[in-house]
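Each chain is listed here by its residues.
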2 protein chains.
Amino acid sequence: MTKGEKTRENIIDASYALFSMKGFKQVTMKDVCEVTGMSRGGLYSHFSGTDQLFEAVLEKITEKSAADFQKEIEKEIPAAKILESALHLMEEEMKHPKDSLSIALYEFVEMTDSDIMEQLNRNAEEKWKKLIRYGIKRGEFREVNVDEIVNVILYSYQGARMWSRIISMKPKTFRSITDHIRKQLTGGER
Amino acid sequence: MTKGEKTRENIIDASYALFSMKGFKQVTMKDVCEVTGMSRGGLYSHFSGTDQLFEAVLEKITEKSAADFQKEIEKEIPAAKILESALHLMEEEMKHPKDSLSIALYEFVEMTDSDIMEQLNRNAEEKWKKLIRYGIKRGEFREVNVDEIVNVILYSYQGARMWSRIISMKPKTFRSITDHIRKQLTGGER
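Criteria and thresholds
Residues numbered from 1 in each chain as written. Chains lettered and ligands numbered in written order. Predicted model: local features only at pLDDT ≥ 70, side-chain atom pairs only at ≥ 80, totals over all residues. Helix = DSSP H or I, 4+ residues; strand = E, 2+ residues; numbered from the N terminus. Contact = placed C-beta atoms within 7 Å. Buried ≥ 20, exposed ≤ 12 C-beta atoms within 10 Å, placed from the backbone. Nonpolar A, V, L, I, M, F, W, Y, C, P; charged D, E, K, R; others polar. Least-squares fit on C-alpha atoms with pLDDT ≥ 70 in both. Axes fitted to C-alpha atoms, helices over the stretch in contact; angles between N-to-C directions. Parallel < 35°, antiparallel > 145°, perpendicular 65-115°, else oblique. pLDDT = per-residue confidence, 0-100.

Scanning chain A for helices and strands turns up 9 helices and 0 strands. Each helix and strand of chain A, placed in order from N terminus to C terminus, yields the pattern α-α-α-α-α-α-α-α-α. Overall, the C-alpha framework of chain A stretches about 55 × 40 × 25 Å when taken along its three principal axes. A fraction of 68% describes how many contacts in chain A between residues 6 or more apart in sequence connect residues 24 or more apart.

Here we take up helix H6 (residues 102–111) of chain A. Burial analysis of H6 of chain A places 7 of its 10 residues in the buried class, which makes it a mostly covered element. The set of residues buried in H6 of chain A consists of Ser102, Ile103, Ala104, Leu105, Tyr106, Glu107 and Phe108 of chain A. Next to the buried residues of H6 of chain A lie helix H1 (3–22), helix H4 (50–74), helix H7 (116–137) and helix H8 (146–166) of chain A together with helix H6 (102–111) and helix H8 (146–166) of chain B.

It is common to give the size of an interface as the accessible area lost on bringing the parts into contact. With 27 residues of chain A in contact, the opposing surface of chain B contributes 27 residues. Contributions of two or more residues to the side of chain A that touches chain B are made by H6, H7, H8 and helix H9 (171–186) of chain A. With 14 residues, H8 of chain A is the single largest residue contributor to the side of chain A that touches chain B. Each residue belonging to the side of chain A that touches chain B can be placed in one class, and the counts come to 14 nonpolar, 8 polar and 5 charged.

Inspection of the secondary structure assignment puts Glu143 of chain A in the loop between H7 and H8. A sequence separation of 79 residues divides Glu143 of chain A from Lys64 of chain A, and the C-alpha atoms of the two residues are 28 Å apart.

Time to look at the relation of the copies chain A and chain B. With an RMSD of 0.0 Å, the operation that places chain A on chain B is a rotation of 180° combined with a shift of 0.0 Å along the axis. On the angle and the small slide along the axis, the relation comes out as a two-fold axis. Interface overlap between copies is the fraction of interface residues in one copy that are interface residues in the other; for chain A against chain B it reaches 100%, indicating a shared surface.

We now examine the packing of H9 of chain A against H8 of chain B. Contact geometry of H9 of chain A with H8 of chain B gives a least axis separation of 9 Å together with a crossing angle of 90°. Comparing their axes, H8 of chain B and H9 of chain A come out roughly perpendicular. Facing Thr173, Ser176, Ile177, Asp179 and His180 of chain A of H9 of chain A, the residues of H8 of chain B in contact are Asp147, Glu148, Asn151, Val152 and Tyr155 of chain B. Residues that form the contact of H9 of chain A with H8 of chain B fall into these classes: 3 nonpolar, 4 polar and 3 charged.

So, about the confidence of the model for chain A. When pLDDT is averaged along chain A, the result is 91; 99% of the residues meet or exceed 70. Predicted as a complex, the structure gets a pTM of 0.88 and an ipTM equal to 0.87.

Phi angles above zero are rare outside glycine, and Glu76 of chain A is one such case at about 55°. You can see Glu76 of chain A is positioned in the loop between H4 and helix H5 (79–94).

Set out below in structure tokens:
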């Protein structure tokens, strides 16, 4: 990684923290300068504004998680094992509502014309569909209705993440959602 | 209903429309005066501020929906029939993202100390648990893990409602969620 790339990554990570804490509207380029210790000119040489920054944050999150499934499938790692890591990660994320970008996403979509969310949602769908089809092909997963299960996975996760910012939720609530997904796919308990 | 009660209901309905459109923060008592055609004094004789108004909106929604299940159970209406109406209503609500209070809920909770959301969430849980146990007792529903299914119902619904404000979603997506819930409970297709 070049020094420029490293700086870019640092800016993205610092921005993620700001967006999850404050939403999209209330984050300014000045805030980003402050937390990264960069000059205005330095920051603008990487990003033209908070719109571009937010898109970079979303892309980073998605690339990271999409790449994971694909790589593991290519290595022929058992589907049940890939699923287990994914459910574990989901549970961890649900337990940390403060890291959720939900509010920022809302605000971003209301304020911009970006279609990045459609793209990200399709990526998430495709990623899960691939894993489920792979699991079915290997005889590890039941012959479920793929579209249906993918929707249940994506939206129950999103709903729980959103509500965990509104009310305090117990870990066993998150656990029951991942248990449900596991049972649907493998028929088994954890 | 007395004239005062009727006025109160009108104010609540008008406020619901404002909150779902604009969120919580951006709605003022002046907005409510404008859409209801009331004077400032008239409005304040019913509600002390937008906090109280928002709580009244939430209470109205919840009471209405909780009362429905309870009444039907007392009348010994088949659980599958009660479920069908509830799923139909969920689908209709998911198809109308603009009526969703999600953003307003977020903002309300961030800005106030109200614990009304915890209360409302518990009510929704209790209501569904009652229906599912009733269905199991009548032999209409499968012996599901009640807590798990209730969480899947509540959060997949909330997640889909939230995302339908962020991206455009197809009716078949909502349908697949209600189909999933039906299959879990009755084992059958629509």
